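Close look at the chain arrangement
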Amino acid sequence: MPERKVFFGILVFWLALCVWQAASTPLLTDEMYYATWARRPALYYFDHPPLIAWIVHVGQALFPGVWGLRLPALLFHVLTLQCVARLLLDRLSFFWFFALGAATLLFHAHSLLAVPDSPYLLGCAAFLFFLKQFFETESQSAALGMALSAAWTVTSKYHGWLFLALCLTPHLRFFWKRLRALAPALLLWAGLVIPVYVPAALGGFESLRLHLGGRHAAVQVPEFPLEFVGGWLLVSGVWIYPWALWTGIRDQAAGLSPSLRRSLLWVAVGFPLLIGALSFNAAVEANWAAPALLAALLLLASSPHFLRNSHKAIPTLIPLWGAVFLLRLGAGMAAEPLKRWRPLDFTSADQWIPHIRHSAAGLPVVFLNSYHLAASYTWYTGQPAYSLNNFNYRRNQYDLWQWDTLYWNNPVFLVAQYPFQGFQRIETGLGPLYGLPLPNLRVFPQLEVAWQNHRRFYAAGALVPITLVLTNHYEKPVAPSHVDSGLHVLVTFWRLGHRIDSLEQYLPLPPNLFPLPPGAQAAWQPLLRMPRCSGPYGIRFSLRQGALEGGLSRNSYKVWIP
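Looking only at helices and strands, one finds 21 helices and 18 strands in the chain. For the chain, the proportion of contacts with a sequence separation of at least 24, taken over those separated by at least 6, is 75%. When the accessible surface of the chain is summed, it comes to about 24,600 Å², and 64% of that surface belongs to carbon and sulfur atoms.

The following block contains the structure:
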């Protein structure tokens with residue numbers, strides 16, 4: 001480990017900065033969303049594995065409020081640095097790891113934000129440390145440490161599986177020969193991971209499929225890979241990651257065993273490549289590849305060539321340090337005009353919540369397509385809020401918890417980010433929002449609409465009788481509040497992943513179908529006009545209600561009816 005005075009000196013300075021910013025920077029909307037999770041501890045959450053929710057739950061029990069969210073992230077960052085210090089062994093190497101990391105946005109963001117990446121990076125660093133220990137000693141304690149840190153990693157983020165695979169792949173023969181000695185560690189790891197992943201598997205790994213399968217109708221959109229590459233270079237310090245990667249490939253690392261160096265190279269090279277490959281059909285976030293920066297910086301800080309010439313890096317690092325620290329200080333400043341420069345995800349409560357509370361006039365607030373705003377409203381007001389999402393918007397925990405039961409048949413205040421018909425404009429510090437008092441919220445939470453037609457060829461423009469079977473999976477009868485409610489059916493033709501043509505039509509709901517009792521089914525055969533093109537194309541259909549879109553997840557949809 002580096003000389004204790006150097007390590008603790010760096011740590012005290014860094015912690016002082018992190019504590020100041022944790023206290024002064026408004027919460028990220030994601031942080032408040034995870035605080036909403038933490039109100040209901042569970043083994044399965046839609047967006048991520050459950051570790052962040054458990055951590056926030058414990059933090060809120062000990063320190064209610066902002067500190068209960070952010071103190072664990074500060075602790076994880078300190079432990080991550082401790083693992084790095086023990087990996088590098090040399091005080092000069094650790095100093096340069098810290099100096100290079102401080103020139104990147106990733107290093108700063110993950111030092112205080114209550115997001116899954118903070119415990120995730122700790123799990124990665126701890127796994128590398130125990131992997132190094134096992135290579136050197138093959139002890140049971142090192143194996144158990146690997147098991148614990150591996151379980152921590154994959155219960156933080158699904159990407160943890162990719163990190164573990166890249167670390168272990170170059171050593172499969174080594175571990176295969178020691179499988180019997182590793183049995184207790186594997187049993188421990190399985191005992192921690194299986195209870196978490198069984199509920200996720202029963203839920204169909206919906207979030208994982210969402211990320212891997214793409215979130216957009218269009219595929220192979222050029223902007224996605226360009227955004228990922230540009231974002232990755234930005235958050236990893238523009239040229240620091242390419243430089244670290246090149247140096248790590250070219251030089252033999254001092255103080256790191258050849259086995260550990262191979263694992264670091266696999267992570268540093270493979271992680272951005274594999275995550276980047278996903279960007280061809282999904283909006284991939286650059287911070288997903290954070291373990292690659294951790295591995296690359298460890299390689300660079302251990303390079304004899306770099307350490308001999310490290311003084312040459314200072315003039316080029318100074319502008320990056322300055323830019324990143326200005327951004328960090330600006331994010332924590334409450335004064336104007338710096339307040340305006342914050343990313344919109346850092347939203348102060350006084351910028352918009354008082355305006356919504358005033359307009360709601362005591363009514364419960366239901367947000368349309370914004371679980372982030374709903375979580376923020378719940379956090380700052382202490383009142384439950386709900387996000388009613390359409391099929392173009394991603395699912396979230398509110399769908400799984402069916403919080404709409406709180407508002408069934410009750411007056412609510414709908415809030416949207418777009419000027420839907422009948423909504424009134426509300427001026428806020430975030431820009432305009434739009435509200436509508438609704439005297440009686442009627443929601444179809446789980447009205448399954450099954451498409452029964454199996455033909456793959458339809459004549460262009462023809463009227464085709466289709467069969468829709470409606471099933472009420474809800475615990476109460478469902479019925480429109482007026483008989484002229486109908487479905488907007490959007491028929492879309494696809495070929496080889498590309499949309500060819502679409503046609504939206506209004507189909508009035510037959511009043512004799514309702515009310516539909518719990519568990520009951522009703523068949524419906526409307527006539528649907530096909531789009532102009534014809535051919536053996538795949539067909540997807542979506543359902544809309546009135547001026548607002550219903551929420552479609554698989555073949556279930558959720559609508560509100562005034």
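Taking strand neighbours across the sheet as the criterion, the five strands line up as β2-β1-β3-β5-β4 in an open arrangement whose pairing is mixed. In the strand order of this sheet, the two ends are held by β2 (386–388) and β4 (424–428), each with one partner. Averaged over all pairs of adjacent strands, the angle between their axes in this sheet comes to 35°, without regard to strand direction. Pairing of strand β1 (residues 365–368) with strand β3 (residues 412–416), which is carried by three bridges, proceeds in the parallel orientation.

Moving on, we get to the packing of helix α9 (residues 160–168) against helix α15 (residues 258–278). Axis separation between α9 and α15 bottoms out at 8 Å; the angle between their running directions is 140°. By the angle between their directions, the pair α9 and α15 is classed as oblique. Crossing handedness for the pair α9 and α15: right-handed. Within the contact between the two elements, α9 uses Leu162, Phe163, Leu166 and Cys167 and α15 uses Ser263, Trp266, Val267, Gly270, Phe271, Leu274 and Ile275. Of the residues belonging to the contact of α9 with α15, the class tally is nine nonpolar, two polar and no charged.

A few words on the pairing of strand β5 (residues 431–438). Along β5, six of the eight residues are buried, which leaves the element largely enclosed by surrounding structure. Bridge count for β3 against β5 is five bridges, and the pairing is antiparallel. Note on β5: the bridge partner recorded for Leu414 is Leu436. Once β4 ends, the chain turns through two residues before running back antiparallel as β5.

Scanning all chains against the criterion turns up 28 aromatic pairs. Each ring, one from Phe76 and one from Trp152, has its centre 5.5 Å from the other, and the planes form 85°; the classification is edge-to-face. One end of the pair, Phe76, is in helix α4 (residues 66–88); the other, Trp152, is in helix α8 (residues 140–154), and 76 residues separate them in sequence. The exposure class of Phe76 is buried, given its relative accessible area of 8%. Relative to Tyr197, the ring of Tyr158 has its centre 6.0 Å away and its plane inclined at 70°; by these criteria the two rings are edge-to-face. Of the two residues, Tyr158 is situated in the loop between α8 and α9 and Tyr197 in helix α11 (residues 183–202); the sequence distance between them amounts to 39 residues. When sorted by exposure, Tyr158 lands in the same class as Tyr197, which is buried.

Thresholds applied
Residues numbered from 1 in each chain as written. Predicted model: local features only at pLDDT ≥ 70, side-chain atom pairs only at ≥ 80, totals over all residues. Heavy atoms only, no water. Helix = DSSP H or I, 4+ residues; strand = E, 2+ residues; numbered from the N terminus. Contact = heavy atoms within 4.5 Å. Areas by Shrake-Rupley, 256 points an atom, 1.4 Å probe, with all protein chains shown as cover. Pairing = 2+ DSSP bridges. Axes fitted to C-alpha atoms, helices over the stretch in contact; angles between N-to-C directions. Parallel < 35°, antiparallel > 145°, perpendicular 65-115°, else oblique. Left-handed = near helix turned anticlockwise from the far one by under 90°. Nonpolar A, V, L, I, M, F, W, Y, C, P; charged D, E, K, R; others polar. Buried < 20%, exposed > 50% of the residue type's maximum accessible area, 1.4 Å probe, protein only. Phe/Tyr/Trp six-rings, centres within 6.5 Å; stacked < 30°, edge-to-face > 60°.

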